[in-house]
Amino acid sequence: VGELAGTMAMATVNLRAVTSWVGITRLFAIMLSCITFSLVASTRDFMGPYGTWCMFTWCFCFAVTLLVLVLELLELYPKLPLSWDDFTSAFSVLAALMVFTTSVVFPSTFISGPCSSSKCARQAVATTISCLCFLAYALEVGLTRAKPGDISSFLSSVPGLLKVFEAYVACLIFSLLDTYSLEAGLQWCVAVYSICFIVTLLIIIFTIGRCLTYMPYPLEKMLVGYNALALAMYITATVLWPLYSFRGGSRPDSCGRNCWWDKHLGVTFLTILNLIAYLVDLVYSTKMVFIRGP
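The shown structure was predicted, so the numbers you read here are calculated from the model rather than taken from an experiment. Residue numbers here run from 1 along each chain, matching the order of that chain's written sequence. The model is predicted, so local features are restricted to residues of pLDDT at least 70 and side-chain atom pairs to those at 80 or more, both for listing and for counting; the totals for chains, interfaces and linings are taken over all residues. The side-chain numbers reported here are obtained from all heavy atoms of the structure, hydrogens and water having been left aside.

## Overview of the environment of L223
Then, number 1: Assignment of secondary structure puts L223 in helix α9 (residues 219-245).
Then, number 2: For the pair L223 and I203, spaced 20 residues apart in sequence, the C-alpha separation works out to 9.1 Å.
Then, number 3: Residues within four places of L223 in sequence aside, it is in contact with F154, K163 and I203. A helix here means a DSSP run of H or I that spans at least four residues, while a strand means a run of E at least two residues long, and both kinds are numbered starting from the N terminus. Here a residue-residue contact requires only that any non-hydrogen atoms of the pair lie within 4.5 Å.

Structure follows, in structure tokens:
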């Protein structure tokens, strides 16, 4: 208790944390996410896996952004055993992706038909504010992105931002892999998604935890090799997944809302999206290592 009191006593107030453009953007994100989950909670209609995910997203982004703002306001973040710039950059990208996904999933799941009731109106307003919250986090990503030649924070550079994007897209793929046959081609695709996700996640964690300096090999060249390997693996998954998933023909007429065919189509689209992300990542990483001057 004494140490905590001493730490709080030594804490200084940094008003730039709330008066800078990044700070103002975070204040808007906090306010918008709070309004969104409050409106949805007032409707009492957010049950099921999709509703739970949406509420978790808004509450999680609100809580973490508030924590970031408080730690920067009191200048307590230097005491944490992590790379603060990498952490805030990774979180802003993750929050933008999560809120964007939620802004699409929530109205498509809970708003149907003509919107005439009071509950539907609140759901529509919550969707609109959620979209504004996404724009706030996207603006924060743009404000904190590393400028050309700035290598102080890896996760704020284009390859670092793409690492968070690749990991998140892999998580979306996993959420759609509830039903698939145990054919060798599909099992290989799942292995590709899993291996690339684990390695990418470890890169993010090691970067935030300042552990990459202990690597026995140069980080930049290692990332180029990994991106090339991940790209090659995703090329095979892009070919094999639709080849094995849609051999039965077109979408069955008896498929309902949670149709397996739709989920497999979603996995196909997300696989192509991650393939493009790893391609861009490889191009940027190669440019940083072999083209940039000393």
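## A short note on the UniProt feature "transmembrane region" (unreviewed entry) in the chain
Then, number 1: UniProt positions are given in the numbering used here, feature names are shortened, and annotations may be inferred rather than shown by experiment. Listed under "transmembrane region" (unreviewed entry) in the UniProt record, and renumbered for this structure, are residues 20-41, 53-71, 91-112, 124-143, 185-212, 224-244 and 264-284.
Then, number 2: Structurally, residues 224-244 comprises 100% helix and 0% strand, and the distance from its first C-alpha atom to its last is 30 Å.

## Digging into a nonpolar patch on the surface
Then, number 1: Judged by side-chain polarity, I198, L201, L202, I205 and F206 come together as a nonpolar surface patch covering roughly 400 Å² of accessible area.
Then, number 2: Looking at where L202 falls in the secondary structure, it is placed in helix α8 (residues 184-208).
Then, number 3: Relative accessibility thresholds used throughout: buried, under 20% of the residue-type maximum; exposed, over 50%; partly exposed, between the two (1.4 Å probe, protein chains only). Residue classification places L202 among the partly exposed positions, given a relative accessible area of 38%. Put simply, a patch holds well-exposed residues, over 30% relative accessible area, that have no salt bridge, with like charges counted together within 9 Å and Val, Leu, Ile, Met, Phe, Trp or Tyr side chains within 5 Å. For the accessible areas, the method is Shrake-Rupley and the probe is 1.4 Å, while residue cover comes only from the protein chains on display. Any carboxyl oxygen of Asp or Glu within 4 Å of a side-chain nitrogen of Lys or Arg constitutes a salt bridge here.

## Observations concerning the nonpolar core
Then, number 1: Among the nonpolar cores identified, the biggest contains 58 residues, and Y137, I173, Y193, C196 and Y234 are the most heavily contacted of them.
Then, number 2: Among the secondary structure elements, those contributing two or more residues to this core are α3 (21-43), α4 (48-73), α5 (84-110), α6 (118-144), α7 (158-175), α8, α9 and α10 (260-291).
Then, number 3: Domain start and stop positions are those given by an automatic or database domain assignment. Shared between two domains, this core holds at least three residues of each, these being domain 1 (12-149) and domain 2 (157-249 + 256-293).
Then, number 4: Every residue in contact with Y193, bar those within four places of it in the chain, is listed here: I173, F174, L177, Y234, A237, W241, V267 and T271.
Then, number 5: By size, the runner-up hydrophobic cluster in this structure holds nine residues, among which are F37, W58, F106 and A126. Working definition of a nonpolar core: buried Ala, Val, Leu, Ile, Met, Phe, Trp, Tyr and Cys residues. They are joined through side-chain atoms within 4.5 Å.

## Quick look at the state of the cysteines
Each disulfide consists of a covalent bond between the sulfur atoms of two cysteine residues.
Then, number 1: By disulfide we mean two sulfur atoms from cysteines, separated by a distance within 2.5 Å. The tally for this structure, following the rule as stated, stands at zero disulfides.
Then, number 2: Free cysteine: C131, not disulfide-bonded; nearest cysteine sulfur from C133 at 9.9 Å.
Then, number 3: Classification of C131 by relative accessible area gives partly exposed; the value is 34%.

## A word on the packing of aromatic side chains
Then, number 1: What counts as a ring pair is set by centres within 6.5 Å for rings of Phe, Tyr and Trp (its six-membered ring), and what kind of pair is set by the plane angle: stacked under 30 degrees, edge-to-face over 60, tilted for all other angles. Inspection of the entire model under this criterion finds 15 aromatic pairs.
Then, number 2: Grouped by ring-pair contacts, the aromatic residues W53, F56, F60, F91 and Y137 constitute a single cluster.

## Notes on the pattern of salt bridges
Then, number 1: Within the structure shown, the criterion is met by four salt bridges.
Then, number 2: For E166, the salt bridge identified is with K163, shortest N-O distance 4.0 Å. Placement of both E166 and K163 in helix α7 is noted, with a separation of three residues, approximately one turn of the helix.
Then, number 3: Residue classification places E166 among the buried positions, given a relative accessible area of 1%.
Then, number 4: Judged by relative accessible area, which is 0%, K163 ranks as buried.
Then, number 5: Put simply, D281 and K163 hold a salt bridge, and the shortest N to O gap is 2.3 Å. Here the residue D281 occupies a position in helix α10, and K163 occupies one in helix α7, the gap between them amounting to 118 residues. Assigned by exposure class, D281 and K163 land together as buried.
Then, number 6: Each of the salt bridges in this network shares a partner with another, and the network as a whole consists of R26, E72 and E140.

## Notes on α6
Then, number 1: Every helix has an expected span of 1.5 Å times one less than the residues it contains. Taking 1.5 Å as the rise per residue, α6 with 27 residues should run 39 Å; its terminal C-alpha atoms sit 39 Å apart, in good agreement.
Then, number 2: Buried within α6 are the following residues: C120, Q123, A126, T127, I129, S130, C133, A136, Y137, E140 and V141.
Then, number 3: Each element contacted by the buried residues of α6 is listed here: α3, α4, α5 and α7.

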